Amino acid sequence: MPSATMLLILAVNLLITWSVFNLSSKLYHYCKHFPLAHPLILSGLVLVALLTAFDIPIEDYQQNSQVIMMMLAPATVALGVPLYKNLAVLAKYKSAIFIPLLLGAIISPCSALLLLWLFKVDSSLLLSMISKSITSPIAIDITKLVGGIPAIAVIFVIISGIIGAALATPLFSLLAIKHDISKGLSLGIASHAIGTSSAIQISEQCAAFSVLAMCLNGLLTTLVIVVFSIF
Amino acid sequence: MSKLSAEIMPKLVPKFIPKLKKLKLISLGFCQVFLYLLIGELLSALIPLPPAIIGLIACCGACLLLQKVPESLDIASKFLLKNMAIFFIPYVVTITLFWPALADYWLACLLALFISTLITLSLTSIVSDKLIERATQESRKRSRNHTAMDDKK
């Protein structure tokens, strides 16, 4: 019965992914939050190593992890709960939130573009870099609008997410950031949903502001790009 | 047999009932989450936003209408958010599939992403920390003035 074996493969896939992630997050705590030992980096490396060791094509793994990938949408919806719980704090600090948001939304793509231009990189890659700090579904649309390559844009989105999540803990203690609100905002602006997933580990308030920053950054950039593409 | 069950059941049942209750709540919460996702899926035909983001706004809006987070939704959302990072792993693994497309530019891209993320993270967090500090000081001063005025009265 092919469907039974299919189900078994899916279950094994889920179990392995889950246990690799849990082990690597244990190791991450053991390494005192060393950036390169971030669970996403570590478990990604371990899984790729396992797949190549057992001669399983990565396409097969991707095909069989559709269930895990699908869960991302309900998890994003669930972010509405911490957002609701922090609406009062949001209303209190609305002026203190908008300025860093605007600053981050401008600096994040501009600094990356400038660096790539300095490195003399291809213009199609340059255009795919514009949406690097925006949650991937919006990033794909933006990249199509400006004429970049969506598949590469998604890579940039994921990598900047991982970098933000990995850097967050040591960077915030180095800069002596006091408020969870600021931590959440910067994580949401720089590293969208992946940053938000690590903001959840800090506190519920941090997660709420990360969600807010992620959404507003996406909306703001889309608006700017759409207005620019009209003219 | 019946005697055995009569002895064991009263011990077992109280242990299971809270777990069943939690299971019921969490499945009820999941139903709500998927309902908001469905709303997002339907509305995404009208609004140019991804379905999940519209669902997020719908979820927050529903809580606003109810003026509280239902316990079931709270439990389900905590479960989903605690495990959110796991849902990214397949995406992280698939980077290796598209990596060759970057060809000779991978180091430049990685470096640009790293530096730009570092700059964005530090600048936004520092600026917002300063602004929040100022806002709290102002509100503290204002409340102090208020109490002083109350004292004069």
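From a predicted model like this one, the values you see are computed outputs, not experimental measurements.

Student: How should the overall build of chain B be read in this particular structure?
Tutor: Broken down by element type, chain B carries five helices and zero strands. Secondary structure elements of chain B, listed N to C terminal, follow the sequence α-α-α-α-α. Structurally, chain B occupies a C-alpha span of about 75 × 70 × 35 Å along its principal axes. Counting only residues that meet the buried cut, chain B has 31% of its 153 residues in that class. Sequence separation of at least 24 residues holds for 45% of the intrachain contacts in chain B that already meet a minimum separation of 6.

Student: Help me understand the overall build of chain A, please; the structure alone is not making it clear to me.
Tutor: When helices and strands are counted, chain A shows 13 helices and zero strands. A compact globule built from 231 residues would reach a C-alpha radius of gyration of about 17 Å, and chain A, at 19 Å, matches this within 12%. Its C-alpha atoms give chain A principal-axis dimensions of about 60 × 40 × 35 Å. The buried share of chain A, reckoned over its 231 residues, is 48%. Intrachain contacts of chain A at a sequence separation of at least 6 include 59% that bridge at least 24 residues.

Student: Sorry if this is basic, but what is going on with unusual backbone geometry here?
Tutor: The phi angle of most residues is negative, glycine excepted, and most peptide bonds adopt the trans form. Residue and element names in this part refer to chain A. Notably, H33 is not glycine yet its phi reads approximately 55 degrees, a positive angle. Relative to the assigned elements, H33 resides in the loop between helix 1 (2-30) and helix 2 (39-53). Positioned with a positive phi, A176 is a non-glycine residue whose angle comes to about 55 degrees. With respect to the helices, strands and loops of the structure, A176 is situated in the loop between helix 11 (150-174) and helix 12 (180-202). A count of 8 C-beta atoms within 10 Å places A176 in the exposed class.

Student: Sorry if this is basic, but what is going on with helix 2 of chain A here?
Tutor: An α-helical turn contains 3.6 residues, so any two residues separated by three or four positions project in the same direction. All names here are of chain A. Over its 15 residues, helix 2 runs 20 Å from end to end, which matches the ideal 21 Å to within 8%, given 1.5 Å per residue. Those residues of helix 2 that fall on the buried side of the exposure criterion are P39, L40, L42, S43, G44 and L47. Just beyond helix 2, the residue with positive phi is D55, at close to 60 degrees.

Student: How do you make sense of the domain arrangement of chain A when you look at a structure like this?
Tutor: Accessible area lost on assembly of the parts is the figure often given for the size of an interface. All names here are of chain A. The domain boundaries assigned to chain A delineate domain 1 (2-70) and domain 2 (77-230). In this structure, domain 1 and domain 2 have C-alpha centres spaced 25 Å apart. For the side of domain 1 that touches domain 2, the class distribution of residues is three nonpolar, two polar and no charged.

Student: What should I look at first to understand the domain arrangement of chain B in this one?
Tutor: Assigned domains within chain B: domain 1 (1-82) and domain 2 (94-153). On a C-alpha basis, the centroid separation for the pair domain 1 of chain B and domain 2 of chain B is 33 Å.

Student: Would you take a moment to explain the nonpolar core for this structure?
Tutor: Grouped burial of nonpolar side chains is what soluble globular proteins tend to show. V77(A), A78(A) and I162(A) are the most contacted members of the largest nonpolar core, which totals 96 residues. For this core, the element with the most residues is helix 11 of chain A, which contributes 15 residues. Discounting chain neighbours no more than four positions away, the residues touching A78(A) are V33(B), A76(B), S77(B), L80(B) and L81(B).

Student: Is there a simple way to explain the interface of chain B and chain A in this structure?
Tutor: Each side of the interface is counted separately: chain B has 63 residues, and chain A has 81 residues. Sorting the residues of the side of chain B that touches chain A by element identifies helix 1 (2-43), helix 2 (51-66), helix 3 (71-82), helix 4 (89-98) and helix 5 (106-152) of chain B as the ones contributing at least two each. Split by residue class, the side of chain B that touches chain A holds 50 nonpolar, eleven polar and two charged.

Student: Explain the packing of helix 12 of chain A against helix 13 (residues 204-230) of chain A here, please?
Tutor: Between two packed helices, what matters for the description is the angle formed by their axes and the separation of those axes. All names here are of chain A. For the pair helix 12 and helix 13, the least separation of the axes is 6 Å and the interaxial angle reads 85 degrees. With respect to helix 13, the axis of helix 12 lies roughly perpendicular. A breakdown of the residues in the contact of helix 12 with helix 13 according to their chemical character gives 16 nonpolar, eight polar and two charged.

Student: Honestly, the environment of N83(B) in this entry has me stumped. Any pointers?
Tutor: Within the element layout of this structure, N83(B) appears in the loop between helix 3 and helix 4. Residue classification places N83(B) among the partly exposed positions, given that 17 C-beta atoms sit within 10 Å.

Student: Please explain the environment of L113(B) as it appears in this structure.
Tutor: Within the secondary structure layout, L113(B) lies in helix 5. What L113(B) contacts, discounting residues up to four positions off in sequence, is A112(A), K132(A), F156(A), I159(A), S160(A) and I163(A).

Parameters and conventions
- Position numbers for residues count from 1 along each chain, tracking the sequence in the order it is written.
- To read the labels, note that chains go from A and ligands from 1, taken in the order they are written.
- Where local features are concerned, this predicted model is filtered to residues with pLDDT of at least 70; where side-chain atom pairs are given and counted, the filter is 80 or more; whole-chain, interface and lining totals use all residues.
- Secondary structure elements are defined from DSSP: runs of H or I of at least 4 residues count as helices, runs of E of at least 2 residues count as strands, and each element is numbered from the N terminus.
- Counting other C-beta atoms within 10 Å of its own, a residue is labelled buried from 20 upward, exposed at 12 or fewer, and partly exposed in the gap between, with every C-beta atom placed from the backbone.
- By definition, residues are in contact whenever their C-beta atoms, placed on the basis of the backbone, come within 7 Å of each other.
- Our radius of gyration looks at C-alpha atoms and nothing else; its globule reference is 2.2 Å times the residue count to the power 0.38.
- Each residue after the first adds 1.5 Å to the expected span of a helix.
- Annotation comment: domain bounds sourced from an automatic or database domain assignment.
- The nonpolar class holds Ala, Val, Leu, Ile, Met, Phe, Trp, Tyr, Cys and Pro. Asp, Glu, Lys and Arg form the charged class, and all remaining residues, Gly among them, are polar.
- We define the nonpolar core as any set of buried residues of the types Ala, Val, Leu, Ile, Met, Phe, Trp, Tyr and Cys, connected via C-beta atoms lying within 7 Å of each other.
- Angles shown run from 0 to 180 degrees and are taken between the N-to-C directions of axes, each axis being a line fitted to C-alpha atoms and, for helices, limited to the stretch in contact.
- These descriptions rest on fixed angle ranges, namely under 35 degrees for roughly parallel, over 145 for roughly antiparallel, 65 to 115 for roughly perpendicular, and the rest for oblique.

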